[in-house]
Amino acid sequence: MPSSSPSKVSRLSISENSNETKYKEIISTLPKLDPPHPTYEINQYNGFWFHSSTLEATLSLSENFKAQPSDIYLCSSPKTGTTWLKALAFSIVTRDRFLDDDSSNPLLNKVPHNCVPTLEVDYYANPSFLDTDLPVLATHVPYACLPRSVLDSDCKIIYICREPKDTFVSWWHYDKKQQESFGIVESGKTLEQEFKWFHGGKSMYGPYWDHVLEYFKESVQRPERVFFLTYEDLKSDTLNYVKKLAEFMGKPFTEEEVNQGVVEKIVARCNIKSLSNLEVNKSGFFDLKQWKISNSSYFRKGEVGDWKNLLTEDMAKSIDKITEEKFHPVGLKFPSEK
Ligand code: PAP
């Protein structure tokens, strides 16, 4: 990418919220979570569970979003390393712009979610953000629910997944914090209920295992199109994976950059400690129109194996059983299982 900013691109072919009624009508006919979630209306579509407003956006984007051929999509289930991947991918594609003068790096005063848009979230919160000049966008939607224009294109996809128990535990803490910040203290939401939903496949954008499998299978069939990454691998060998990501994104580090320590600088900038110590990520808010989410809720421990501090042995065993049944036959194993 040249060091000057390319002009903005147009990816939304409709005015904001057009056809809203049509999508609302479809959603009204779909199965709903029972008992209902205390905070969100959750609907089942195409075998996956969605928040009603992100589903409405997903349906609209499927028909109305125009992917650009050079776009790269960062795809993930919630709580699997999205914020980290956004920071890294953003740093990789913008390194020419900000590396000489890091004081102007947007990551210093914006949460990574405000540097890289999330399709179905920003569609409502900030639709013009989808016209970003950067070729990097993100989404949590399952592979089959990606916008038609993405599915029909050769756009590259980077998928990050995480060991299911840690993913669940990360979600539990995040969601609890959200509910407290919305003032929903006596919500009746318990760890046992939330666990039942996750285990039964009724988590946000879940079943978690099916979400991973759709992208994993696509990465096996088309490795040049889908780069499949685990949070655990990224954690254990960050430097090497950042190099691999840059290559996949068509922005490999030159020998000169490697010798100058550019990769190390990116890794350090995106480290959870560096990001979470920034004022914007300590006290700022991510504005989602109807909700304000504290930026700090995207940064907690960032550790592998934190499930041990929350789950009972039985809970852990029952999640492991599904993981073995679903992932092992296709050869997908996390470092703790090898
Ligand atoms: P999102 O889906 O809401 O965007 P996501 O970023 O995918 O959330 O996941 C948040 C997890 O990533 C948190 O994990 P934990 O609850 O187990 O701690 C968060 O701490 C972790 N995380 C955020 N940023 C980083 C980072 N820079 N490096 C490593 N882990 C990170």
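Remember, it's a predicted structure, so these values are computed and weren't measured experimentally. Residues take numbers from 1 onward in each chain, read along the sequence in its written order. Two thresholds apply to this predicted model, a pLDDT of at least 70 for residue-level local features and 80 or more for giving and counting side-chain atom pairs, whereas whole-chain, interface and lining totals are computed over all residues. The side-chain figures draw on all heavy atoms in the structure; neither hydrogens nor water molecules are used.

**Re empty space enclosed by the protein**
In this analysis the probe radius is 1.4 Å and the grid spacing 1 Å, with only protein atoms considered; a cavity is a set of points the probe fits into but cannot get out of, a pocket is an open set with protein on both sides within 12 Å along at least five of seven lines, and lining residues have an atom within 4 Å of a point. Grid points are joined across faces, edges and corners, and a volume is the space filled by probe spheres set on the points. Evaluated as defined, the whole model comprises two cavities of 30 Å³ or more. When its volume is computed, the largest cavity comes out at roughly 100 Å³. Along the walls of the largest cavity sit Ser77, Pro78, Thr167, Phe168, Trp171, Phe198, Ser203, Met204, Tyr205, Gly206 and Tyr208, which together make up its complete lining. The helix count covers DSSP runs of H or I at least four residues long, the strand count covers runs of E at least two residues long, and both are numbered beginning at the N terminus. Looking at the lining of the largest cavity element by element, the count peaks at three residues for helix α6 (residues 164-181). Residue polarity is assigned by list, with Asp, Glu, Lys and Arg as charged and Ala, Val, Leu, Ile, Met, Phe, Trp, Tyr, Cys and Pro as nonpolar; anything else, Gly included, falls into the polar class. For the lining of the largest cavity, the class distribution of residues is seven nonpolar, four polar and no charged. Roughly 50 Å³ of volume is contained in the second largest cavity. Around the second largest cavity sit Leu33, His37, Ile42, Trp171, Glu194, Trp197, Lys202, Ser203 and Met204, which together line it.

**Examining the confidence of the model for the chain**
The predictor attaches a confidence to each residue, and that confidence, scored 0 to 100, is pLDDT. Considering every residue of the chain, the mean pLDDT works out to 91; 93% of them sit at 70 or more. Contacts of residues 1-5 to residues separated by more than four positions or lying in other chains number 10 contacts, the stretch itself having pLDDT below 50. Contacts between residues were defined by any pair of non-hydrogen atoms, one from each residue, lying within 4.5 Å.

**Details of the pattern of salt bridges**
The term salt bridge refers to a side-chain nitrogen of Lys or Arg lying within 4 Å of a carboxyl oxygen of Asp or Glu. Taken as a whole and assessed by the stated rule, the structure comprises 19 salt bridges. Salt-bridge contacts for Glu63 lead to Lys22; the nearest nitrogen and oxygen are separated by 3.0 Å. One end of the pair, Glu63, is in helix α2 (residues 52-64); the other, Lys22, is in helix α1 (residues 20-28), and 41 residues separate them in sequence. One network of salt bridges, with partners in common, ties together Asp154, Glu218, Arg222 and Glu224.

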